[in-house]
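As a plain string of letters, each chain reads:
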Amino acid sequence: MPTLPGWQRVFSDDFGGAAGQRPDPSRWKFDLGHNYPGGPQHWGTHEVQRYTDDPANVSLDGRGHLRITPLRDAEGEWTSARIETWRDDFRPPDGGVLRIESRLRMPQVSGEAALGYWPAFWALGESFRRLGNWPQAGEFDIMENVNGLNLVWGTLHCGVSPGGPCDEPNGIGQHASCEGSSCQDGFHTYTFEWDRSVAPEALRWYLDGKLYGVVTRDRLPPVTWQEITGQRGYFLLLDVAMGGDFAYAVSGGRDTPTPATEPGRPMVVDYVAVWTRAGSP
């Protein structure tokens, strides 16, 4: 992973280890089943997969990568994996900047075979763990992709649902396409910054170092900004869901996955890292 002069790395995982091992249990916890305990079924978004900690769904590849692989069994059940950092205190220092980044390759699948694939790298406010208060807790979608398209979406969720200042459940979003190789055929770097060193404060999304989305503090009501920024911090998540509301919307209202959707195409993660930086004068 890169070394960034002037930045302090506060968390990282380059997924070193033997093939078949699960990701480091001191860094990551597993989400299991179809919902959080006491939470809405199908993770609140009508996903069809059952999350497991089976190495067939989530494991190291022995070459410095994590693989999250959706599978479909003979009875038609989909399984996959979703992991979260134990740490939930990622936030910028006063007057400084937080940078969250992953280099990864989306599942190598497209067209009809990709319908329903929904890989993501994202962050949730720690108050969600205590209160289950989505979207009030805040959600930063650093990388979302659906249906094998050569597009990445970066989105902020906040406030109340439906409606509210973030137009839930849509969120305030922007998207970009991968250049050179497609998002599915090559590794690309997905970065999010929360910058408290500027006025107004800013949230920024980058693809391979190129800025493609900004949300500034003055775009939200003061109470909403305080809700998403006033808590202890955020935790990170990596997952590959199957089906769900986003895939449904982007497919033009088709239920996904379909019988033509091909299982066994992993999201491959090279590294995850978090840095902070003191503010500029």
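Our structure's up above, just so we're on the same page.
Residues numbered from 1 in each chain as written. Predicted model: local features only at pLDDT ≥ 70, side-chain atom pairs only at ≥ 80, totals over all residues. Heavy atoms only, no water.

Novice: Go over the overall build of the protein chain with me, naming the residues and quoting the values.
Specialist: Summing up its helical and strand segments, the protein chain has three helices and 18 strands in all. Against the globule reference of 19 Å for 281 residues, the protein chain gives a C-alpha radius of gyration of 18 Å, in line with a compact fold. Burial analysis of the protein chain (281 residues in total) assigns 54% to the buried set. Contacts spanning at least 24 positions in sequence make up 70% of the contacts within the protein chain whose residues lie at least 6 apart. Entry remark: accessible area of the protein chain is about 11600 Å², with carbon and sulfur atoms responsible for 50%. (Helix = DSSP H or I, 4+ residues; strand = E, 2+ residues; numbered from the N terminus. Rg over C-alpha atoms; globule rule 2.2 N^0.38 Å. Buried < 20%, exposed > 50% of the residue type's maximum accessible area, 1.4 Å probe, protein only. Contact = heavy atoms within 4.5 Å. Areas by Shrake-Rupley, 256 points an atom, 1.4 Å probe, with all protein chains shown as cover.)

Novice: I'd like a description of the pattern of salt bridges, backed by residues and values.
Specialist: Evaluation of the coordinates by the stated rule reveals 21 salt bridges. The partner of Glu 84 in a salt bridge is Arg 129, and the shortest N-O contact between them spans 2.8 Å. Of this pair, Glu 84 sits in strand 8 (residues 82-85) while Arg 129 sits in helix 1 (residues 127-131), placing them 45 residues apart in sequence. The exposure class assigned to Glu 84 is buried, which follows from its relative accessible area of 1%. Here Glu 101 ties to Arg 99 by a salt bridge, and the two come within 2.8 Å at their closest N and O atoms. In this pair, the class of Glu 101 matches that of Arg 99, namely buried. One connected set of salt bridges, linked through shared partners, spans Glu 84, Asp 88, Glu 126, Arg 129, Arg 130 and Arg 232. (Salt bridge = Lys/Arg side-chain N within 4 Å of Asp/Glu carboxyl O.)

Novice: So what's going on with the packing of aromatic side chains? Which residues, and what values?
Specialist: Using the criterion set out here, one finds 13 aromatic pairs in the structure. With a centroid separation of 6.1 Å and 85 degrees between ring planes, the pair formed by Trp 194 and Tyr 234 is classed as edge-to-face. Separated by 40 residues along the polypeptide, Trp 194 in strand 14 (residues 188-195) and Tyr 234 in strand 17 (residues 234-242) bring together distant segments of the chain. Among the residues examined, Trp 194 registers a relative accessible area of 1% and is labelled buried. Here a set of aromatic residues connected by ring pairs shows up, and it is made of Phe 140, Phe 192, Trp 194, Trp 205 and Tyr 234. Note that Arg 82 overlies the ring of Trp 43, its terminal NZ or CZ placed 4.6 Å from the centroid. A cation over an aromatic ring shows up here: Arg 99 above the ring of Trp 7, its NZ or CZ 5.9 Å from the ring centre. (Phe/Tyr/Trp six-rings, centres within 6.5 Å; stacked < 30°, edge-to-face > 60°. Lys NZ or Arg CZ within 6 Å of the ring centre and 35° of its normal.)

Novice: Describe the pairing of strand 18 (residues 267-277), with residues and values.
Specialist: Burial analysis of strand 18 places ten of its eleven residues in the buried class, which makes it a mostly covered element. Bridge analysis of strand 1 (residues 8-13) against strand 18 gives five bridges, and the strand direction is antiparallel. Directly across from Arg 9, in strand 18, lies its bridge partner Trp 275. With three bridges joining them, strand 5 (residues 66-68) and strand 18 adopt antiparallel strand pairing. Opposite Ile 68, over in strand 18, you have Met 267 as the bridge partner. Two strands pair when backbone bridges link them, and strand 9 (residues 97-105) and strand 18 are joined in this way by nine bridges, in the antiparallel orientation. Bridged to Val 97 within strand 18 is Arg 277. (Pairing = 2+ DSSP bridges.)

Novice: Explain the state of the cysteines to me, and be specific about the residues and the numbers.
Specialist: Applying the stated rule across the entire model yields two disulfides. Residue pairing for Cys 158: its cysteine sulfur links by disulfide to Cys 166, the two sulfurs lying 2.0 Å apart. Taking the sign of the torsion about the S-S bond as the criterion, the disulfide between Cys 158 and Cys 166, at about 100 degrees, is right-handed. Take Cys 166: its relative accessible area is 0%, and that puts it in the buried class. Each bonded cysteine of the protein chain is numbered by sequence order, and under that numbering the disulfide pairs are 1-2, 3-4. (Disulfide = S-S within 2.5 Å.)

Novice: So what's going on with the side chain of Asn 133? Residues and values would help.
Specialist: Inspection of the secondary structure puts Asn 133 in the loop between helix 1 and strand 11 (139-144). The class for Asn 133 is buried, based on a relative accessible area of 14%. One polar contact links the side chain of Asn 133 to the main-chain amide nitrogen of Phe 128, over a distance of 3.4 Å. (Polar contact = N/O pair within 3.5 Å; in protein donor to acceptor, adjacent residues only side chain to side chain.)

Novice: Go over the sheet that holds strand 6 (residues 71-72), please, and point to the residues and values.
Specialist: Reading across the sheet, the three strands line up as 3-7-6 and stay open at both edges, with mixed pairing between neighbours. With one partner strand each, in any of the chains shown, strand 3 (50-51) and strand 6 form the two edges of the open sheet.

Novice: How would you explain the side chain of His 157 if you had to name every residue and give the values?
Specialist: Within the secondary structure, His 157 sits in strand 12 (residues 152-157). A polar contact of 3.1 Å, which involves the side chain of His 157, links it to the side chain of Asp 141. Residues within four places of His 157 in sequence aside, it is in contact with Trp 134, Pro 135, Gly 138, Glu 139, Asp 141, Cys 166, Glu 168, Pro 169, Asn 170 and Gly 171.

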